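# Examining the three-dimensional arrangement
One-letter residues, chain by chain:
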Amino acid sequence: MPRASWASNSRNEYWIDVRLGGKPRLVLVDTGLINRQGVVGFSIDATEYDRIKQAGGFRGFKTHRRLVANGQIVSTQSGSLDAQLISPQTRQPVGPLVHVYVYRGAPGVPDRVGVAFFHMLKGCKVVWDLDQRCWHIDCP
Amino acid sequence: MDLATFNRESELNRRAYEKLREVIRRDYAGKYVALANGKVIGANASFDTACALVDSLKPVPEYFVVFRADDEPDFELDYDLWQG
């Protein structure tokens, strides 16, 4: 079973490689990014979101309400595109290609991957090695 | 928007959608639909134009959803605990 692995950085962050809409990107693992409908798997910087939108890179859109850290309920939009993991070891795509929505995030906030994307990876397992501080994803 | 308002408005619009789902799918096929105050506000082939229909209301509703007619709108409250 192919395994893609990422070590945490010195700030205890786990950044993983994904291809979003055909473009490789590093995204921060954020298990606090939770879309209850289970379709929004990422949040990306507003400027980049707008660039993709302008280029016709999204297939569909919808609106959402998010509870954020200061207790506010904010509205946002999301656009849908294809996403796939990239193995940092081989630089090749690994695991299923999934259709996922991406939030238009706030400017300056890191691009993040949330729970819904991982839940779409049928047949895959996340193995979080706490001693080695590595985030592994095993895919069939 | 406070949580009580969100809960009240999302439930109102969710119930409206459940009653209108088949009509929406038939009458607005291929379009983005704007739903607010328990009613369909309008629809347009462009998502941004459908959102602008909501902005043109007076007063602008605190809660609304815009979605493609053949898709399910998102009435839930998501968590994004990084932001704020």
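These lines cover the structure that appears in this document, whether it is placed above or below. (Residues numbered from 1 in each chain as written. Chains lettered and ligands numbered in written order. Predicted model: local features only at pLDDT ≥ 70, side-chain atom pairs only at ≥ 80, totals over all residues. Heavy atoms only, no water.)

On to the overall build of chain B. A tally of helices and strands in chain B yields 2 helices and 4 strands. Shown N-terminal to C-terminal, the secondary structure of chain B runs as helices and strands in the order α-β-β-α-β-β. Over its C-alpha trace chain B gives a radius of gyration of 13 Å, about what one expects of a compact globule, namely 12 Å for 84 residues. In terms of overall dimensions, chain B has a C-alpha envelope of 35 × 25 × 25 Å along the principal axes. Counting the 84 residues in chain B, one finds 39% classified as buried. Taking the contacts inside chain B whose residues are at least 6 apart along the sequence as the reference set, 53% of them involve residues at least 24 apart. For chain B, the accessible area works out to roughly 4,500 Å², and carbon and sulfur atoms hold 50% of it. If you average the places of the 11 positive and of the 16 negative side-chain charges in chain B, the two averages end up 8 Å apart. (Helix = DSSP H or I, 4+ residues; strand = E, 2+ residues; numbered from the N terminus. Rg over C-alpha atoms; globule rule 2.2 N^0.38 Å. Buried < 20%, exposed > 50% of the residue type's maximum accessible area, 1.4 Å probe, protein only. Contact = heavy atoms within 4.5 Å. Areas by Shrake-Rupley, 256 points an atom, 1.4 Å probe, with all protein chains shown as cover. Lys, Arg positive; Asp, Glu negative; His and termini not counted. Charge placed at Lys NZ, Arg CZ, Asp CG, Glu CD.)

The subject of this paragraph is the environment of B:M1. Note on placement: B:M1 falls in the segment before helix 1 (3–27). For the pair B:M1 and B:A52, spaced 51 residues apart in the sequence, the C-alpha separation amounts to 19 Å. In this view, B:M1 contacts A:R65, A:I73, B:F6, B:E62 and B:Y63; residues no more than four positions away in its chain are not counted.

Another point: the sheet that holds strand 11 (residues 134–138) of chain A. Strand pairing within a sheet occurs via backbone hydrogen bonds; the two strands may be parallel or antiparallel. Residues and elements named next belong to chain A. Pairing is antiparallel in the open sheet, where 3 strands are placed in the order 1-11-10. Either end of the sheet is taken by a strand with one partner, and the two such strands are strand 1 (3–7) and strand 10 (125–129). Ignoring which end each strand starts from, the neighbouring axes of this sheet average 20° apart. Two elements, strand 10 and strand 11, share 5 bridges in a ladder whose sense is antiparallel. Within strand 11, the position partnered with V126 by the bridge is I137. (Pairing = 2+ DSSP bridges. Axes fitted to C-alpha atoms, helices over the stretch in contact; angles between N-to-C directions.)

Enumeration according to the criterion identifies 14 aromatic pairs over all chains in this entry. Among the aromatic residues, those joined into a cluster by ring pairs are A:Y14, A:F42, A:F117, A:F118, A:W128 and A:W135. The ring centre of B:Y79 lies 4.4 Å from the NZ or CZ of A:R36, which sits over that ring. A cation over an aromatic ring shows up here: A:R65 above the ring of B:F64, its NZ or CZ 4.8 Å from the ring centre. (Phe/Tyr/Trp six-rings, centres within 6.5 Å; stacked < 30°, edge-to-face > 60°. Lys NZ or Arg CZ within 6 Å of the ring centre and 35° of its normal.)

By the element assignment, A:R36 lies in the loop between strand 4 (33–34) and strand 5 (40–44). Looking at A:R36, the relative accessible area reads 42%, which means it is partly exposed. Sequence separation between A:R36 and A:D138 is 102 residues, and the spatial gap between their C-alpha atoms is 25 Å. Setting aside residues no more than four positions away along its own chain, A:R36 makes contact with B:E76, B:L77, B:D78 and B:Y79.

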